[in-house]
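Report on the structure
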Amino acid sequence: MNIKQIVSQLTLEQKAALLSGATTFDTFGIRKLGIPSLAMSDGPSGLRKQEGAADNLGLNGSIPATCFPSGSTLANSWDPAVSTAVGQALGEESQANEVQVILGPAMNIQKNPLSGRNFEYYSEDPLLAGRMAAGYIRGVQATGTVATPKHFAVNNQELRRMASNSVVDQRALHELYLTAFEIAVKEGHPKALMSSYNMINGTYANENRALLQETLRDSWGFDGFVVSDWGGDNDHVAGVKAGSHMAMPGSGMVAPQELIDAVKAGKLDESVLNQRVGEFLAVAMAAKEKSTPEKPNFAAHHETARKAAAASMVLLKNDQAILPLGAKTRVAIIGDFAQKPRYQGAGSSAVNAVHVENFVDTAAKVLNVVGYEKGFDRNGKADEHLIQEAKALATESDVAVVFIGLNEAQESEGKDRDSMALPDNQVALLEALANLKTSVVAVLSAGAPVTTAWAKDVDGLIYQGLTGEAGASALCDVLLGKLNPSGKLAETLPISYQDVPFGQDFPCQDANALYRESLYVGYRYYDTVSKPVAFPFGFGLSYTQFEYSAMSIDDAGAHFTLRNIGAKTGAEVAQLYVKSPDQNLYHPVHELKGFTKVTLAPGEQQLVTIPFDAYTFRAWDPHKEQWCQPAGEYQCFVGGSSRKLPLQGGFKVSGTVPDPQTDLPHYMSGQVTEASEAEVSRLLNLDENAVKTATDGLTINSTIGEMSHAKNVIARLVARTLRRKLDRLAAKGESSLNVLFIYNMPFRGIAKMTNGAIDQRMVDGLVVAVNGHAFRGLHRVISGYFANRRRSKALARKLGEQDCE
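Okay, so let's go over this structure. All of these numbers come straight from a predicted model, not from anything done at the bench.

So, about the pairing of strand S20 (residues 570–579). The side chains of a regular strand alternate between both faces of the sheet. Buried residues dominate S20, accounting for 9 of its 10 residues. In this structure, S20 lies alongside strand S21 (residues 591–600), joined through 9 bridges in antiparallel fashion. For Glu 572, the partnering residue across the bridge sits in S21 and is Val 598. Bridging between S20 and strand S25 (residues 632–639) involves 5 bridges; their strand directions are antiparallel.

Structure follows, in structure tokens:
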């Protein structure tokens, strides 16, 4: 039986149910027609399948699973083969636990270093992010599991994430924020995709036809289904019309009833409903056929995690070749994170790891360890006693390996970071150790940039990121030189947060998040304006050295010779950057257009080609609203980072001459922080793209946290209680995604996250009540409750009779 035949046999109620979650993580199934219920699970860094009944937010305890390096760490490998191996292992664990759909990879652009979810995302560059995501998708789907890249699109802050409007110009939208997903879709061929919470230029992503139908499906050839982020289904009917399919999590009978009512009222053509159901079933039926549960091979997957962690470590400093360590080097281990590792981010991606290594125990087996001292409390203030104990131990060693980083509360889904600074007590420890004769090697655990003024006090610095469960053994191999570090930074480390363009505006506090920097994100800004940085994009040292020479360029790409001129075998990530000759559109000084990782033995050389492709010379023409290829002689640069490009050559390209953007002078020069409000308004077309916010009272799109300004005293008390709870948790170095989610959730989200107990009419009543009309609002809530209950019971009974479960 083909998909069209199956759809033709479905009742209206069954079709509506198939596009709505049955539970927090499961879809509806129909046994009689062989339609399976699909089980979904969080999975950017490892399987997160809940034990027992899932809670509405999906945050209860989960089954044991392998924890792999975070997305921001994996991207430092600059090797899609690494993300493919991780994806395949993750897919195997999904199959073993009867999970058909993995909610990952997470791949939004790292627009600002304080974005709370940057640890899940790959890079500030769309080419690198897209290629790493495509590798992950290929690995997952090779097992028969469906991969779900997220969050589509322009989802770059956690504050008000369900109630914000990302106002972005068309060039940045297409060239940065959509290109990453385009590469992932075209090269990875995912069978599902998750839409983001936010609006894009005034339209919710999950209701944006230009995004979901015209771009994703018609232009890129996507043939899977779109699932809303959990609670991100603002208007289910509008979403289905636009090209979305699955509203998650399950909302009881509320979401199916919305579709049924819309069809009966003529607001949704049933042919559109049929189309969406058919598109979903094409994936669901195939996923069922490939499911082959078997016991996970945790030992093999732990080794995959170790290899991925090792490939992703970045050597940022190595004065006097302090590394690698000798077998007899006396090593002092210092730092809270050495014994209790910071190996993953917090939030929905947090994995119940099978076997987390700690460095103290692991190093004792392979290094000449003289002892361990805590040095600092990860959640406390500077402690002179702990510092003195660390100093005493360090004097007994040749090298002190000091573990520093961000604690669990500083990087979490649901909140953006307050600062780029490393905690003061850790800086104080490094300053104290710097006054000793002992050499210091710092190991940094963080999923996003921190300021590094303290790096002057250390002889060696390894940025290990968030390594997953097997980071300790991987680090030992790197420290001893068994593995030559080959990671490169996938995100620039600025000197100061003040250097970040428009950093003072992040996160945006009101409804409109203005993307004032346009294309000038990360190295695109720093390199264009020659801003000094702590460590540039693409940077990473090795225990050997590489020489670039003899570049030639033709239609196929850039060809050059890469030679290992050092004494150790190592891998180099060769990077191709291209500068546009176009003077009509604004462009960064150069942009990453290709890369490859090459392993060479000492003295070995290799002829390397980085090919040109469909992304190399294109730009979005905002006037014609399509891709163009500006004509002229492009400059091609090849080297080991965005700031070290020894090879250069020109290549003439035929194409078009776009209409000029002369009304945006500071974007033409790159000095975007000097742009006037009028220039920014022209860039972002604010008159059309900005959301008009209500000035009199709260609305269904106001957040629960905004009840602190409500007219109703109880509503104010609830909001302030939540705020105090968050502040107390932060003071203890802890975080609660449940509380963060509720605090930032708009009122309309209540109808999406209460398993059908509350519908939109009841939410409208709540808003009336918090705006000071308690009796009128409560009357609407109570009457709505009984009406919703009657309708839901009737529909549930009918679906049960139709074999829908």
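Moving on, there is more to tell.
With respect to the element layout, Ser 702 can be found in the loop between helix H20 (686–689) and helix H21 (713–731). Accessibility expressed as a relative area gives 9% for Ser 702, which makes it buried. Polar side-chain contacts of Ser 702 include one of 2.9 Å to the backbone nitrogen of Thr 699. Contacts of Ser 702, omitting those with residues within four sequence positions, involve Met 745, Pro 746 and Phe 747.

The next point concerns a nonpolar patch on the surface. Taken together, the side chains of Leu 778, Ile 782, Tyr 785 and Phe 786 present a nonpolar region at the surface, about 380 Å² in accessible area. Position of Ile 782 relative to the elements: it lies in helix H24 (residues 774–801). With a relative accessible area of 51%, Ile 782 lands in the exposed category.

This structure, assessed with the given rule, holds 22 aromatic pairs. With centroids separated by 5.9 Å and ring planes inclined at 35 degrees, the aromatic side chains of Tyr 548 and Phe 560 adopt a geometry described as tilted. Residue Tyr 548 is located in strand S18 (residues 546–554), and its partner Phe 560 is located in strand S19 (residues 557–564); the two are separated by 12 residues in the primary sequence. Joined through ring pairs, the aromatic side chains of Trp 78, Tyr 523, Phe 537, Tyr 577 and Phe 595 make up one cluster. Residue placement shows Arg 171 over the ring face of Tyr 586; its charged tip is 4.5 Å from the ring centre.

Okay, helix H11 (residues 298–312) next. Given a rise of 1.5 Å per residue, 15 residues ought to cover 21 Å, and the 21 Å separating the end C-alpha atoms of H11 matches this to within 8%. Against the buried residues of H11 lie helix H3 (71–74), helix H4 (80–96), strand S9 (314–318), strand S14 (460–463), helix H16 (471–480) and S21.

Next up on the list: the sheet that holds S19. The 3 strands are arranged S18-S19-S22 in an open sheet whose pairing can be described as antiparallel. Every interior strand has two partners, whereas the edge strands, S18 and strand S22 (605–611), have only one. Adjacent strand axes in the sheet meet at a mean angle of 25 degrees, parallel and antiparallel pairs treated alike. Inspection of the sheet shows S18 paired to S19 by 7 bridges, in the antiparallel sense. Looking across to S19, one finds that Phe 546 is bridged to Asn 564.

Let us now look at the environment of Glu 431. With respect to the helices and strands, Glu 431 occurs in helix H15 (residues 424–434). Residue classification places Glu 431 among the partly exposed positions, given a relative accessible area of 41%. Along the chain, Glu 431 and Thr 569 lie 138 residues apart, while their C-alpha atoms are 35 Å from each other.

This part covers the packing of helix H9 (residues 254–264) against H24. Where H9 contacts H24, the axes come no closer than 10 Å and their chain directions differ by 85 degrees. When the interaxial angle is binned, H9 and H24 end up roughly perpendicular. Contacts between H9 and H24 involve Val 254, Pro 256, Gln 257, Ile 260 and Asp 261 from the first element and Asn 788, Arg 791 and Leu 795 from the second. Of the residues that constitute the contact of H9 with H24, the class distribution is 4 nonpolar, 2 polar and 2 charged.

Axis separation between helix H14 (residues 384–395) and H15 bottoms out at 10 Å; the angle between their running directions is 35 degrees. Helix-helix and strand crossings are classified by hand; for H14 and H15 the assignment is right-handed. Here Ile 387, Ala 390, Lys 391 and Ala 394 of H14 lie close against H15, whose contacting residues are Ala 428, Leu 429, Ala 432 and Leu 433. Its residues placed into classes, the contact of H14 with H15 shows 7 nonpolar, no polar and 1 charged.

This part is about the layout of surface pockets. The volume enclosed by the largest pocket comes to roughly 860 Å³. Considering the residues around the largest pocket, the lining is formed by 36 residues, among which Asp 169, Gln 170, His 174, Trp 620 and Glu 625 are closest to the centre. Those elements giving two or more residues to the lining of the largest pocket turn out to be helix H6 (170–188), helix H7 (209–219), helix H19 (677–684) and H20. It is H6 that contributes the most residues to the lining of the largest pocket, 8 residues altogether. The class makeup of the residues in the lining of the largest pocket is 14 nonpolar, 12 polar and 10 charged. Computed from the structure, the second largest pocket encloses a volume of approximately 640 Å³. Leu 159, Gln 509, Arg 723, Tyr 743 and Asn 744 are, among the 30 residues lining the second largest pocket, the residues nearest its centre. Of all the secondary structure elements, the ones that give two or more residues to the lining of the second largest pocket are H21 and helix H22 (737–744). Sorting elements by how many residues they give to the lining of the second largest pocket places H21 first, with 5 residues. Taken together, the residues of the lining of the second largest pocket sort by class into 9 nonpolar, 11 polar and 10 charged.

Each value, and the rule that gives it
- Residues numbered from 1 in each chain as written.
- Predicted model: local features only at pLDDT ≥ 70, side-chain atom pairs only at ≥ 80, totals over all residues.
- Heavy atoms only, no water.
- Buried < 20%, exposed > 50% of the residue type's maximum accessible area, 1.4 Å probe, protein only.
- Helix = DSSP H or I, 4+ residues; strand = E, 2+ residues; numbered from the N terminus.
- Pairing = 2+ DSSP bridges.
- Polar contact = N/O pair within 3.5 Å; in protein donor to acceptor, adjacent residues only side chain to side chain.
- Contact = heavy atoms within 4.5 Å.
- Patch = residues over 30% accessible without salt bridge, like charges linked within 9 Å, V, L, I, M, F, W, Y side chains within 5 Å.
- Areas by Shrake-Rupley, 256 points an atom, 1.4 Å probe, with all protein chains shown as cover.
- Salt bridge = Lys/Arg side-chain N within 4 Å of Asp/Glu carboxyl O.
- Phe/Tyr/Trp six-rings, centres within 6.5 Å; stacked < 30°, edge-to-face > 60°.
- Lys NZ or Arg CZ within 6 Å of the ring centre and 35° of its normal.
- Expected span 1.5 Å × (residues − 1).
- Axes fitted to C-alpha atoms, helices over the stretch in contact; angles between N-to-C directions.
- Parallel < 35°, antiparallel > 145°, perpendicular 65-115°, else oblique.
- Nonpolar A, V, L, I, M, F, W, Y, C, P; charged D, E, K, R; others polar.
- Left-handed = near helix turned anticlockwise from the far one by under 90°.
- 1 Å grid on protein atoms, 1.4 Å probe; cavity = no way out; pocket = protein on both sides within 12 Å on 5 of 7 lines; lining within 4 Å.
- Points joined across faces, edges and corners; volume = space filled by probe spheres on them.

Coordinates in, geometry out; function isn't part of it.
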